[in-house]
Amino acid sequence: MQAGDISTWTGVAVTLVISSCSWVDSRRQARIGKEANEISHLQAEAAARRASAVEDTLAAALRILGERGPGSSLELPESFGGVHGEVRWEVRRRGGHRFALRNVGSATAFGVRVDPDGLGASARNLPQDATVRPDESVQFVMAAGVGRRLPGEVCVRWDGRAQGKAQAQAAVVPVA
């Protein structure tokens, strides 16, 4: 055995280790991408259901207004901008890398978005300008990066009201 053989075999071993680590990481990223794709399909279906519900509600409201005649008013429920309650949040793991941001308050939150700062590059399908009614949730994907842990909290922002005026709201929500 010659001196060049040792360095050659060492190089082959290092190359195999790096290749296997890259393969494992690519499989993990593919799994995260698949979960993100499933969540985006669920969000699209939920948006279609919400749009249908809004159309039905609007048609019913117009029908009621037509029955009452001109000059009458219709009091809107809380979920459509009437009396405002409180918006509160919780974040729970839904399995794997999926998480759900749930509105556990009594008011609908409009313009909901999760701040991506501090979540790492693997955060996918973060809510942007979502509408979340009480007891509803939006899902997103978040995974720990190489050498990084999952964040213990996320920053949620939404368009809210404070003292009767429109004002941006924010909350730091622990990940449960």
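The structure this text deals with has already been given above.
Okay, so let's go over this structure. In this text, all values refer to a predicted model and were calculated from it rather than measured experimentally. (Residues numbered from 1 in each chain as written. Predicted model: local features only at pLDDT ≥ 70, side-chain atom pairs only at ≥ 80, totals over all residues. Heavy atoms only, no water.)

Digging into the nonpolar core
So, point 1. In terms of nonpolar packing, the biggest core is built from 21 residues, with Trp89, Leu101, Val112, Val154 and Val156 touching the most fellow members.
So, point 2. Listing elements by their share of this core, those giving two or more residues are β1 (89–95), β2 (98–103), β3 (109–114), β4 (130–132), β5 (137–141) and β6 (153–162).
So, point 3. If we skip the residues at most four places from it in the chain, Trp89 touches Leu101, Arg102, Asn103, Val104, Ala109, Val112, Val132, Val156, Trp158, Ala171 and Val173.
So, point 4. Listed in part, the five residues of the second largest apolar core include Ile32, Ala36, Ile39 and Ala143. (Core = buried A, V, L, I, M, F, W, Y, C linked by side-chain atoms within 4.5 Å. Buried < 20%, exposed > 50% of the residue type's maximum accessible area, 1.4 Å probe, protein only. Helix = DSSP H or I, 4+ residues; strand = E, 2+ residues; numbered from the N terminus. Contact = heavy atoms within 4.5 Å.)

A look at the environment of Gln169
So, point 1. Turning to its location among the elements, Gln169 is positioned in strand β7 (residues 165–174).
So, point 2. Under the relative-accessibility criterion, Gln169 is labelled partly exposed at 23%.
So, point 3. Placed 82 residues apart in sequence, Gln169 and Val87 show a C-alpha to C-alpha distance of 9.6 Å.

Focus on the sheet that holds β5
So, point 1. In space, the three strands of this open sheet follow the order β1-β2-β5, with antiparallel pairing throughout. Unpaired on one side and paired on the other, β1 and β5 mark the two borders of the sheet. Averaged over all pairs of adjacent strands, the angle between their axes in this sheet comes to 25 degrees, without regard to strand direction.
So, point 2. Note: β1 against β2, six bridges, orientation antiparallel. Each bridged residue has a counterpart across the sheet, and for Arg92 the counterpart in β2 is Ala100. (Pairing = 2+ DSSP bridges. Axes fitted to C-alpha atoms, helices over the stretch in contact; angles between N-to-C directions.)

Regarding a nonpolar patch on the surface
So, point 1. A cluster of nonpolar side chains, contributed by Trp9, Val12 and Leu16, occupies part of the molecular surface with about 340 Å² of accessible area.
So, point 2. Tracing the backbone through its elements, the reader meets Leu16 in helix α1 (residues 3–68). (Patch = residues over 30% accessible without salt bridge, like charges linked within 9 Å, V, L, I, M, F, W, Y side chains within 5 Å. Areas by Shrake-Rupley, 256 points an atom, 1.4 Å probe, with all protein chains shown as cover. Salt bridge = Lys/Arg side-chain N within 4 Å of Asp/Glu carboxyl O.)

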